[in-house]
Amino acid sequence: VSEIHDQAAFYALGALDPDELDEFEAHLGTCERCRAELRRLSAGVALMAEAVAEPAPADLRERVMAEVGNGSLPAIDRPRRAWSRRLVALAAVAAVVVFILGRPPSQAERVEEILAASDLATVDVRGPAIQTGSFAYSDSLDQGVFTGTGLQAVVSEETYQLWLIGPDGPIPAGLFVPTDDGTAEVVVEGPIAPGVVLGMTVEPDGGSDRPTGPVVAGGEL
Ligand SMILES: [Zn+2]
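Here is a short report on the structure shown in this document. (Residues numbered from 1 in each chain as written. Predicted model: local features only at pLDDT ≥ 70, side-chain atom pairs only at ≥ 80, totals over all residues. Heavy atoms only, no water.)

1. A few points about the coordination of the zinc ion
Six octahedral donors around a metal ideally sit at 90 or 180 degrees from one another, while four tetrahedral donors ideally sit at 109.5 degrees. Bound to the zinc ion are the protein donor atoms His 5 (ND1), His 27 (NE2), Cys 31 (SG) and Cys 34 (SG), situated 2.0 to 2.3 Å from the metal. Around the zinc ion sit four donor atoms, and with donor-metal-donor angles ranging over 105 to 114 degrees the site reads as tetrahedral. Within one chain, the residues donating to the zinc ion are spaced in sequence as H-x21-H-x3-C-x2-C. On the criterion of sequence distance, the pair formed by His 5 in the segment before helix H1 (8-12) and Cys 34 in helix H3 (residues 32-53) is long-range, its members being 29 residues apart. Judged by its relative accessible area of 1%, Cys 34 is buried. (Donors = N, O, S within 2.8 Å, 3.2 Å for Na, K, Ca; no water. Tetrahedral: all angles 85-135°; square planar, octahedral: opposite > 155°, others 65-115°. Helix = DSSP H or I, 4+ residues; strand = E, 2+ residues; numbered from the N terminus. Buried < 20%, exposed > 50% of the residue type's maximum accessible area, 1.4 Å probe, protein only.)

2. A look at the sheet that holds strand S6 (residues 184-189)
Overall, antiparallel pairing links the four strands, which are arranged S1-S2-S3-S6 in an open sheet. The open sheet has two edge strands with one neighbour each: strand S1 (120-124) and S6. The average angle at which neighbouring strand axes cross in this sheet is 20 degrees, direction not considered. In terms of strand pairing, strand S2 (residues 132-138) meets strand S3 (residues 143-149) through seven bridges, oriented antiparallel. If you follow Ala 136 over to S3, its bridge partner there is Val 145. The strands touched by helix H6 (residues 107-115) within the sheet are S1, S2, S3 and S6, with S6 carrying the most contacts at an inclination of about 65 degrees. (Pairing = 2+ DSSP bridges. Axes fitted to C-alpha atoms, helices over the stretch in contact; angles between N-to-C directions. Contact = heavy atoms within 4.5 Å.)

3. Digging into helix H2 (residues 18-28)
Glu 20, Phe 24, His 27 and Leu 28 are the residues of H2 that are buried. Around the axis of H2, the buried residues are gathered within 100 degrees of arc, so they sit on the same side. Turned more than 90 degrees from where H2 packs its buried face, Asp 19, Asp 22 and Ala 26 sit exposed. (Arc of directions from axis to C-beta.)

4. Quick notes on a negative patch on the surface
A cluster of acidic residues, Asp 19, Asp 22, Glu 23 and Glu 25, forms a negative patch on the protein surface. Examined against the element boundaries, Glu 23 turns out to sit in helix H2. Judged by relative accessible area, Glu 23 falls into the partly exposed class, the value being 48%. (Patch = residues over 30% accessible without salt bridge, like charges linked within 9 Å, V, L, I, M, F, W, Y side chains within 5 Å. Areas by Shrake-Rupley, 256 points an atom, 1.4 Å probe, with all protein chains shown as cover. Salt bridge = Lys/Arg side-chain N within 4 Å of Asp/Glu carboxyl O. Lys, Arg positive; Asp, Glu negative; His and termini not counted. Charge placed at Lys NZ, Arg CZ, Asp CG, Glu CD.)

Spelled out as structure tokens, the structure:
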């Protein structure tokens, strides 16, 4: 049933009836898509609570707080009331969406979203510049997260650059310098597919259009 996925927003906002709640929680145990959606929504809902606490539409705020904050419903007229809670929940979700779209996602949010992808795959990234490395990626999202430890430091005029190397050659996929303790976590966007190679080179500050040095670490997707 496809509608069950759409319950995630209502669930996050506490707007499901007890029966729907049971059904959705059972579904949640088997559906990564809904779990990912919930993680996303939960962050948004927390942000919304802050945003809503400011002046704005006092009436909506009161209703959201009254409806969403109240877990117990009188048995009488539950259907009508459940429906009105849904409208409030929808309005609240719309507010969250507007709020979220209004600001770029943080690195942590992007990483979380990628790592929650249902088609997530992970490959090792190895090479002389790195102790341990991995690349977790989603073919469907065309995004991945490179994680490395024991990275050699680069001098101040240099940067590491990642590349996605496919049939048409290398495509720039992000610049980074390791932290002081030699770790890095980099979000990579680009044409990700099986067979593409993630490569890492040392480049002049600001990066290059094409790799100018040898690949110092890499892995094949
Ligand atoms: Zn689902």
